Amino acid sequence: MSSFLRPFAHHRALFAAGAAAVLALALAGCGSSGDAASAPAGSTAPSTAAATPSSVGSAHDGPTMPGMDHMAGGDGLSAAMDGYQLTSATRTLPAGRPGAYRFTVTGPDGRPVTDFAVDQTKRLHFYAVRSDLTGFQHLHPVMAADGTWTADLAELKPGAWRMFASFTPGSGPGKGTAFVLSRTVAVPGPATMAALPAPAPSVRVDGYTVAVAGGLMAGMEHPLTVTITKAGKPVTDLQPYLDSYAHLTAFHQGDGAFAHLHPTARVDGDHGGPQLSFHAELPSAGDWRLFLQFRTAGTLHTAALTLDVG
């Protein structure tokens, strides 16, 4: 069982038990603006499971396992890599209201890292993703002088969540190396899991149509082209966001592996689009949930779609 699946195996068992109970009774009687964004949830299947602190294990938060360094920064499914570790005392967050997630990144010497290189205009990128790949939030936390980061999250739905930190040390043994580390937290309460939407070449969000083209094969680099239109007309007024005209992140269904797809076009004023090109190298076959963020007229939009990788 993968490192991401283990903490949620207990959830699925409870969900299945709840669904069976509902079926037995029936037979007896006859997915904003800003740097944080939530993706559309898609179709849902109700569950009676309740997320509790014990729902999230800690084995996945240990050292990096062999084979997890197959892409820049790794796949993000470990809390430690090459002596760097994501540490946090937070194991639960409240449901239905904003919450603060505080964490530090420690280096090989065991001390908090405070020197981070700037990547896409930020020193650290933070992502919160629910186990069913909904509820996506992309934040840029604030770091205190002692190296403690605070990510101010929008409200979270009950369930198991993974918190990713993407960063590059500005000094020390890991200087210039991209890392993606993560830990999990539980959001207590009855959890309703969403089925992953089927792979589709396009999706609509806020009146825009986002279409993705490019056949991807696992472990191979391929070009991926995104085209943005509105009311059938090409969109050419994309504004810079994080030193690009779009930010694209992907998560693998099942284990939740992380991938950041890098844009190839340079930013030149507020007239990006309609086509955007990315270097895509997704390490595993199967369905990936893509989150594309782009800005127009000062508003940040987040489009979510499922892509099948052969």
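Above: the structure in question.
Residues numbered from 1 in each chain as written. Predicted model: local features only at pLDDT ≥ 70, side-chain atom pairs only at ≥ 80, totals over all residues. Heavy atoms only, no water.

*Asks:* Before we move on, can you summarise the overall build of the chain with the specific residues and values?
*Replies:* Within the chain, the regular secondary structure consists of one helix and 22 strands. Taken over 310 residues, the chain has a buried fraction of 48%. Carbon and sulfur atoms make up 56% of the accessible area of the chain, which totals about 13400 Å². (Helix = DSSP H or I, 4+ residues; strand = E, 2+ residues; numbered from the N terminus. Buried < 20%, exposed > 50% of the residue type's maximum accessible area, 1.4 Å probe, protein only. Areas by Shrake-Rupley, 256 points an atom, 1.4 Å probe, with all protein chains shown as cover.)

*Asks:* Can you explain the packing of aromatic side chains? Please cite residues and give values.
*Replies:* In this structure the tally under the stated criterion is 18 aromatic pairs. Taking 5.3 Å as the distance between ring centres and 55° as the angle between the ring planes, the aromatic pair formed by Tyr 127 and Phe 258 counts as tilted. Residue Tyr 127 is located in strand β6 (residues 125-130), and its partner Phe 258 is located in strand β19 (residues 258-263); the two are separated by 131 residues in the primary sequence. Judged by relative accessible area, Tyr 127 falls into the buried class, the value being 1%. For Phe 258, a relative accessible area of 3% translates into the label buried. An aromatic cluster is built from Tyr 84, Tyr 101, Phe 103, Phe 116, Phe 126, Trp 149, Phe 167 and Phe 179, whose rings are joined through pairwise contacts. (Phe/Tyr/Trp six-rings, centres within 6.5 Å; stacked < 30°, edge-to-face > 60°.)

*Asks:* I'd like to hear about the nonpolar core, residue by residue, with values.
*Replies:* Of all hydrophobic cores here, the largest spans 30 residues; its most connected members are Leu 224, Ile 228, Leu 261, Phe 278, Leu 292 and Phe 294. Those elements that place two or more of their residues in this core are β15 (208-213), β16 (222-230), β18 (247-252), β19, β20 (275-280), β21 (286-296) and β22 (299-309). Contact partners of Leu 292, with chain neighbours within four places excluded, come to Val 210, Val 226, Ile 228, Ala 246, His 247, Leu 248, Phe 278, His 301, Thr 302 and Ala 303. Core analysis: the second largest hydrophobic core is formed by 26 residues, Tyr 84, Leu 86, Phe 126 and Leu 181 among them. (Core = buried A, V, L, I, M, F, W, Y, C linked by side-chain atoms within 4.5 Å. Contact = heavy atoms within 4.5 Å.)

*Asks:* Kindly report on the sheet that holds strand β10 (residues 159-167), identifying the contributing residues and their values.
*Replies:* The strand order across the open sheet formed by four strands is β7-β6-β10-β11, and the pairing between neighbours is antiparallel. For this open sheet the edge positions go to β7 (137-139) and β11 (179-187), each flanked by a neighbour on one side alone. Averaged over all pairs of adjacent strands, the angle between strand axes in this sheet comes to 20°, irrespective of strand direction. With six bridges connecting them, β6 and β10 associate as antiparallel partners. What sits directly across from Ala 128, in β10, is Met 163. (Pairing = 2+ DSSP bridges. Axes fitted to C-alpha atoms, helices over the stretch in contact; angles between N-to-C directions.)

*Asks:* Outline the sheet that holds strand β3 (residues 80-81), supporting the account with residue identities and numerical values.
*Replies:* Taken in spatial order, the five strands line up as β3-β4-β5-β9-β8 in an open sheet, and their pairing is antiparallel. Two strands in the sheet have a free side with no partner beyond their single neighbour: β3 and β8 (142-143). Of the pairings in the sheet, the one linking strand β5 (residues 99-106) to strand β9 (residues 148-153) comprises six bridges and is antiparallel in character. Note that in β9 the partner of Tyr 101 across the bridge is Ala 151.

*Asks:* Please give an account of the side chain of His 247 that cites residues and values.
*Replies:* Its place among the elements puts His 247 in strand β18. A polar contact is formed between the side chain of His 247 and the side chain of Thr 249, at a distance of 3.4 Å. Here the side chain of His 247 touches His 260 through a polar contact of 3.4 Å, side chain to side chain. Ignoring anything within four residues of it in the chain, the contact list for His 247 reads Gln 120, His 125, Tyr 127, His 138, Tyr 241, Leu 242, His 260, Phe 291, Leu 292 and Gln 293. (Polar contact = N/O pair within 3.5 Å; in protein donor to acceptor, adjacent residues only side chain to side chain.)

*Asks:* Outline the side chain of Ser 88, listing residues and values.
*Replies:* Its location among the elements puts Ser 88 in the loop between β4 (84-87) and β5. Discounting residues that sit within four places of it in the chain, Ser 88 has contacts with Tyr 101, Arg 102, Phe 103 and Arg 183.

*Asks:* Break down the pairing of β16 for me, with residues and values.
*Replies:* Both faces of the sheet carry side chains from a regular strand, because those side chains alternate between them. Relative to β16, β15 runs antiparallel, the two sharing six bridges. Residue pairing in the sheet places Val 210 in a bridge with Ile 228 of β16. Looking at chain direction, β16 and β20 are connected through six bridges and run antiparallel. Looking across to β20, one finds that Thr 227 is bridged to Gln 275.

*Asks:* Lay out the environment of His 271 in plain terms, naming residues and giving numbers.
*Replies:* Within the secondary structure layout, His 271 lies in the loop between β19 and β20. Its relative accessible area of 47% is what places His 271 among the partly exposed residues. With 32 residues separating them along the chain, His 271 and Gln 239 place their C-alpha atoms 6.4 Å apart.

*Asks:* Which residues make up unusual backbone geometry, and what values do they have?
*Replies:* Only a minority of non-glycine residues have a phi that is not negative, and only a minority of peptide bonds are not trans. Between Gly 273 and the following residue, Pro 274, the backbone shows a cis peptide bond with an omega angle of 0°. Secondary-structure assignment places Pro 274 in the loop between β19 and β20. The phi angle at Asp 206 is positive, at roughly 55°, despite the residue not being glycine. Note that Asp 206 resides in the loop between β14 (202-205) and β15.

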